[in-house]
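Breakdown of the fold
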Amino acid sequence: MADLENDIAKILITREQLTTRISELGQMISRDYAGKDLFLVCVLKGGVVFLSDLVRAIHIPHAFDFMAISSYGGTHTESSGVVRILMDLNASIEGRNVLIVEDIVDTGRTLAYITENLRTRNPASLKICALLNKPSRREVPVTLDYVGFDIPNEFVVGYGLDYNELYRNLPFVGVLKPEMYTGAHSETPTT
Ligand code: PRP
Ligand code: 7HP
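Note that the structure is predicted; figures quoted are calculated from it, not measured.

Focus on the nonpolar core
Side chains of a nonpolar character, in soluble globular proteins, are inclined to be buried together. Formed by 30 residues in total, the largest nonpolar core has its most connected members in Ile-29, Phe-50, Leu-54 and Leu-132. Apart from the residues within four sequence positions on either side, Leu-132 is in contact with Ile-13, Asp-103, Ile-104, Val-105, Phe-149, Ile-151, Val-156, Leu-161 and Val-173. Listed in part, the 19 residues of the second largest apolar core include Ile-100, Leu-111, Ile-114 and Leu-126.

Here it is as structure tokens:
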């Protein structure tokens, strides 16, 4: 872990801040969905770390499942043009109260695609819980019902978020050092 942490320019959100905020989100969700059939849909891969802590902060009965989405035309630092579902839900969501769990909302393209897709399956309700929100990057409008943190326009890693598939295991959210985008990784971040 020490090696990975050396690549971080600054910590944006500490482990303690994450714990506190996720506990608050869990309480809000538990209150809002009390007595309802709650079904969480986690978007892989980034959302899985957030989901695993969030479900333990939700104190009402609920189920969860996963979706994996492919995007093309993107880079290591940007997703764009979401085109298809690589892995779909196992169960029907018809008549259920669906809450999508995402690690980050950037352009909004991923969530716009997923919400449009899930809405056709006739859930009783469809809401979004995102740990991180970068409002300054939005290209497609999305309504976020639960947000952990609004963050500035910086490329962040850790707590599920990756650069080139690495850094997901860091226990905090941090900004990568600029030199990590050079050399072996030739793409310059645009976020
Ligand atoms: C990231 C993140 C969101 C999406 C947000 O996924 O997990 O799903 O980008 O970006 P957008 O708002 O601009 O669409 P990514 O495609 O990097 O996949 P990953 O979760 O497997 O890292
Ligand atoms: C996707 C993504 N992945 C990791 N860090 C960010 O800042 C990101 N924005 N969009």
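Some points on the site of ligand 1
Residues in contact with ligand 1 amount to 15 residues; listed here are only the nearest, Glu-102, Asp-103, Thr-107, Gly-108 and Thr-110. In this structure, Gly-46 approaches ligand 1 through a main-chain N or O atom, which is 2.9 Å from an oxygen atom. In this structure, Gly-108 approaches ligand 1 through a main-chain N or O atom, which is 2.8 Å from an oxygen atom. Considered on its own, ligand 1 offers 500 Å² of accessible surface; in the complex 81% of this is hidden by protein. The set of elements that each furnish at least two residues to the shell around ligand 1 consists of strand 5 (97–105) and helix 4 (109–119). Take the shell around ligand 1: its biggest share by element is four residues, from strand 5. Per-class residue counts for the shell around ligand 1 are three nonpolar, five polar and seven charged.

Things to note about the sheet that holds strand 1 (residues 8–13)
Think of a sheet as strands paired side by side through backbone hydrogen bonds, with each pair either parallel or antiparallel. Spatially, 1-9-8 is the arrangement adopted by the three strands of the open sheet, whose pairing is antiparallel. In this open sheet, the two edge strands, each paired with only one partner strand, are strand 1 and strand 8 (156–157). Bridging between strand 8 and strand 9 (residues 173–176) involves two bridges; their strand directions are antiparallel. What sits directly across from Val-157, in strand 9, is Gly-174.

Looking at the packing of aromatic side chains
This model, assessed by the stated rule, comprises two aromatic pairs. On the numbers, 6.1 Å between centres and 85° between planes, the contact of Phe-155 with Tyr-163 is edge-to-face. The two residues Phe-155 and Tyr-163 agree in class, both being buried.

Considering the site of ligand 2
The local shell around ligand 2 consists of Ile-104, Asp-106, Lys-134, Glu-154, Phe-155, Val-156, Leu-161 and Asp-162. The side chain of Asp-106 places a nitrogen or oxygen atom 2.7 Å from a nitrogen atom of ligand 2. Note that a nitrogen atom of ligand 2 is positioned 2.6 Å from one of the backbone N or O atoms of Val-156. Surface burial for ligand 2 is 88%, taken as the share of its 260 Å² of free accessible area covered by protein chains.

About the cut-offs
- Residues numbered from 1 in each chain as written.
- Chains lettered and ligands numbered in written order.
- Predicted model: local features only at pLDDT ≥ 70, side-chain atom pairs only at ≥ 80, totals over all residues.
- Heavy atoms only, no water.
- Core = buried A, V, L, I, M, F, W, Y, C linked by side-chain atoms within 4.5 Å.
- Buried < 20%, exposed > 50% of the residue type's maximum accessible area, 1.4 Å probe, protein only.
- Contact = heavy atoms within 4.5 Å.
- Near = heavy atom within 4 Å.
- Polar contact = N/O pair within 3.5 Å; in protein donor to acceptor, adjacent residues only side chain to side chain.
- Areas by Shrake-Rupley, 256 points an atom, 1.4 Å probe, with all protein chains shown as cover.
- Helix = DSSP H or I, 4+ residues; strand = E, 2+ residues; numbered from the N terminus.
- Nonpolar A, V, L, I, M, F, W, Y, C, P; charged D, E, K, R; others polar.
- Pairing = 2+ DSSP bridges.
- Phe/Tyr/Trp six-rings, centres within 6.5 Å; stacked < 30°, edge-to-face > 60°.

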